[in-house]
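# Chains, contacts and geometry: an overview
Next come the chains, spelled out residue by residue.
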Amino acid sequence: MEKFRDLSLSGAGAVVIIVPRNISSLSKEFLEEWIELEREILEEPVNIPVYFVYDDEAVMKVYEDVSHAITADQASSAAAALLDVFSTYGYQVVTSDISESKPRKDSSIFSLQGQLSGLGIEERLPTIAIVAHYDSFGIAPSLSFGADSNGSGVAALLELARLFSRIYSNSAAHAQYNLLFFLSGGGAFNYQGTRKWIAEQEATDGILLDVQYVLCLDTIGQSNSLHLHVSRLPKDGVPASIVQNFKKAANLHEPVTNFTVVHKKINLAEETLAWEHEAFSMRRLTGGTLSQRNSPDSEGRHSIFDRQFTSVNVGILKENTAVLAEALMGQIFDLDADSLSLVGDEFGVSEEHVGAWVQYLASFSRAAQLVGNEHAVLLALEQAFNRHLKDVRRYQAKSEKKDPELVFYDVAETKLYMYSVKPALFDLFLTAGVACYLALVFYAVQSFSAIS
Amino acid sequence: SLQVKMTLYHLGNCLALACGPYLIAYKYSILSEYGSFWRCVRVGAAYLATQLVKLLLLATFFPIDSASIQFDPWAEFLKATVDLGDLVGIYLLLLKMSGKGDLKILATGLGWAGAELIATKSIGLWVGARGTEFTWEYMQMSFDANINLVHHVTVAALLLQWGRSEARRKTLVGLVMLLCSYR
C-alpha cells in the first residue's frame, strides 16, 4: 500500500495493477491480502489513472521484460550494461481514450418488482416482501462479478418466486398471503434503489405499506451459518413467528444449518446503512436481512475477487435456499415442524436452477454504473419475473439534478497499447554501427576504383 | 516531443544505412569523374519504363485471380519469369549507353538499384520507421537496399560480358543470370 501511495505522489503518469485472473489456484492468505489492498486503494484519494488488467500472457511478458530491465540497472559490469542496451526493450504505454472520464448526466438506478397474490381479496390479505439487491461492486466496476454478493441472494429470490408460484397455482395450496418480490439496484451505493422505491411507495400508497415483514437476502452462497440481522429484537407477532419458523427449518437439515439472530440498532449518525433492512426499518416497516455474514463490514463483500468458483458453493446455496423456503412456508401455511419436513421433493429447491442463475449472473459485471435501461441482466431478470409473478414493473430511481446524492462517471473500460521501444542509447549505437559500415563501404569503393 | 524526435532519428539511421553506400559509390568511384548524375537519372527512367511494361504483361497474360489465395507455384514461377524483363531492360540500356565498360556498369547498376530503392522502399520507411514500436524490420529493409545495389551492378557486369563474349561463355553466364532473376 505504501508503494501505491509513493507511486501516486512521485509523479508517475498512471498505475497499472495486474490482477490474477485464475484465483482458484491462489492461497487463502494471498487472496485476503489482495482483498485488503483493494479496500485500501478504494479509500485512498488518487489523482492519476489506475488501470486494472488481468494477468494474461501478453501482459505478463511485458511485466517480465520491465522487471528485468529494472534489475539490469544494477548490472555487474559496464560490458554487461552495454549488452543490456541491445537486448532489453522498454515499453511505452498509450491509452485509447483521449479524455478523462466525465460525470454522467444520468445516474439512474433500475429495480424490479413483482408479486404473487394470495387467495382472496388482495388488499385484505397479509403480505411478506422478499428483497435482494442484484448489483455488484468492486474497485474496477467492469471487473466486479459479485457471485456471492449478491448473485447468491438473487438466485435464491428467483427460486422462491418459482417455487411459490408453483405452489399457488395449485388451488388447494393457494395460501391467503401475498408475496412481494423486489430486486433492487444500487445496493452497493447505500441501497439507493431500495430507499427511493420506499419513498415512492409511501407517496403513492403502494402495497409495500401493508407489508408485515420484509426479508432481505444478502450473500448466502458459501456457508451454512445463517444470521438474521434485525434492528429491533423480535419479541412477538410476525417477527417472532418468522424467527421460530427459521429455527424449525434450520433443524430439519443435515448437516444442521446454524441460525442465529443478530440485533444491531440503526446508527443514525452513520452516513450509510449497514444492512438493506435498515432502509425499511427507518420507515417503520419491520424486517431483517438474512446473510451468512455476521457483521456488515466483513471482507470480500464488495470485491472484484468475488467470483463464482471461489465464492459460491452451489450445494450450500441450495441448502440455504431450502431453509429459506421452508421457513416461509411454515409462516404462510402455519405448519409445525413435522409437516414442514414433508414438503420435500415436490416443492423442493432445485440445485440446477439455483446453480444456473449464479453462473449466469457471475459471468458478467453487474456494477450499477454499467446497468442502463437496456442492459441484458435487467431483461433476463424481468423475463424470469414475468414467468412466475404478476404486476411486474421496473422502477427507475432517478438522480436529482441539483446536488445529487450519487454521481456516476463514464469510461469503465479502455484499451492500453504497449509499444516495445528501444532505449535512446540504442539509436546512438545504431548510428555508430552504420557509420562504421559506411566507412568500410568507402574503403571498399576506394580500393575497387584503385584496382580498376 | 522527445519521442517524435527519436523516431525521426531512427528513420535517419535507416536512410543513412540505405542511401549511404549509394552516395559513397557515386562520389568516390569513376562516376563522379564524368559527371554522370543525369545518366543515372536516365537509367532510373528506364527502370520505371521496364516496370510498366512488366506490369502490363502481367496484367494481360497472368490476370490475378483474387478469389484464390493459395500459393500456386506455377503462377509464381511465371511471374518470376516476367522479371526476366529486367534483364532485357538492363541489356538495352547497356547497348545504348556511351562510355567505358566500367562506367556503363556502375551507372546502370547504381541508377537501376537507386530507382528501385525509391520506388519500393521509401514509402515503407517513411511510414514504418517513424513508428513508436521498434522492430528490426526497417534496418533489414535498408540493408536490403545495399544488397540490391551489389546485385544490380553485378547483373549489369554479367550482361555486358555476356554481350561481348563467345558462345561457350555465353551460355554459362546466361544461366547464372537467369538464376539471379528467380531470387
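Residues numbered from 1 in each chain as written. Chains lettered and ligands numbered in written order. Predicted model: local features only at pLDDT ≥ 70, side-chain atom pairs only at ≥ 80, totals over all residues. Heavy atoms only, no water.

The next point concerns the overall build of chain A. A count of helical and extended segments in chain A gives 14 helices and twelve strands. Taken against the 2.2 N^0.38 rule, which gives 22 Å for 452 residues, the C-alpha radius of gyration of chain A at 29 Å runs more than 25% over that of a compact globule. The proportion of buried residues among the 452 residues of chain A is 49%. Of the contacts made within chain A by residues no fewer than 6 positions apart, 84% connect residues no fewer than 24 positions apart. Accessible surface computed for chain A: about 22,600 Å², of which carbon and sulfur atoms make up 53%. Seen as two clouds, the 36 positive and the 57 negative side-chain charges of chain A have centres 6 Å apart. (Helix = DSSP H or I, 4+ residues; strand = E, 2+ residues; numbered from the N terminus. Rg over C-alpha atoms; globule rule 2.2 N^0.38 Å. Buried < 20%, exposed > 50% of the residue type's maximum accessible area, 1.4 Å probe, protein only. Contact = heavy atoms within 4.5 Å. Areas by Shrake-Rupley, 256 points an atom, 1.4 Å probe, with all protein chains shown as cover. Lys, Arg positive; Asp, Glu negative; His and termini not counted. Charge placed at Lys NZ, Arg CZ, Asp CG, Glu CD.)

We now examine the environment of A:A199. In this structure, A:A199 sits in helix α6 (residues 192–204). On a C-alpha basis, the gap between A:A199 and A:R283 in space is 9.0 Å, while along the polypeptide they are 84 residues apart.

Residues and elements named next belong to chain A. At a closest axis distance of 12 Å, the pairing of helix α12 (residues 351–361) and helix α13 (residues 376–388) adopts a crossing angle of 160°. Considering the angle they form, α12 stands roughly antiparallel to α13. Seen along the crossing, α12 lies across α13 with a hand that is left-handed. Between α12, through W357, Y360 and L361, and α13, the contact on the second element is made entirely by A376, V377, A380, L381 and A384. Of the residues assigned to the contact of α12 with α13, the class counts are eight nonpolar, no polar and no charged. (Axes fitted to C-alpha atoms, helices over the stretch in contact; angles between N-to-C directions. Parallel < 35°, antiparallel > 145°, perpendicular 65-115°, else oblique. Left-handed = near helix turned anticlockwise from the far one by under 90°. Nonpolar A, V, L, I, M, F, W, Y, C, P; charged D, E, K, R; others polar.)

Contacts between chain B and chain A engage 21 residues on the former and 22 residues on the latter. Between chain B and chain A, roughly 1,900 Å² of surface is buried when both sides are summed, and carbon and sulfur atoms account for 68% of that area. Sorting the residues of chain B by area buried against chain A places B:I24, B:Y28 and B:F134 first, and these three jointly supply 27% of that buried surface. Seen at the junction of chain B and chain A, the total is six residue pairs in polar contact (both at pLDDT 80 or more). Listing elements by their share of the side of chain B that touches chain A, those giving two or more residues are α1 (2–28) and α7 (137–164) of chain B. Of the residues forming the side of chain B that touches chain A, the biggest block, twelve residues, is contributed by α1(B). Partitioning the side of chain B that touches chain A into residue classes produces twelve nonpolar, seven polar and two charged. (Buried area = accessible area lost by both parts, 1.4 Å probe. Polar contact = N/O pair within 3.5 Å; in protein donor to acceptor, adjacent residues only side chain to side chain.)

The subject of this paragraph is unusual backbone geometry. All names here are of chain A. Cis geometry marks the peptide bond from S149 to N150; its omega dihedral reads 15°. Inspection of the secondary structure assignment puts N150 in helix α5 (residues 147–169). Backbone geometry at R284 places phi at a positive 65°, although glycine is not the residue there. Note on placement: R284 falls in the loop between α8 (277–281) and β10 (287–291). Since its relative accessible area comes to 72%, R284 is described here as exposed.

The next subject is the sheet that holds strand β11 (residues 390–397) of chain A. All names here are of chain A. Strands sit in the order β9-β8-β10-β7-β5-β6-β4-β11 across an open sheet of eight strands; the sheet is mixed. In this open sheet, the two strands that pair with only one neighbour each are β9 (258–263) and β11. In this sheet, adjacent strand axes meet at a mean angle of 20° when their direction is disregarded. Relative to β11, strand β4 (residues 109–116) is paired through six bridges, and the arrangement is antiparallel. When the bridges of β11 are listed, Q113 appears paired with R393. (Pairing = 2+ DSSP bridges.)

With respect to the helices, strands and loops of the structure, A:Y419 is situated in strand β12 (residues 416–421). By relative accessible area, which is 30% here, A:Y419 ends up partly exposed. Considering only alpha carbons, one finds A:Y419 and A:G186, 233 residues apart in sequence, at a separation of 39 Å. Sequence-distant contacts of A:Y419, that is, excluding residues within four places in its chain, are made with A:G90, A:Y91, A:Q92, A:V94, B:T132 and B:E133.

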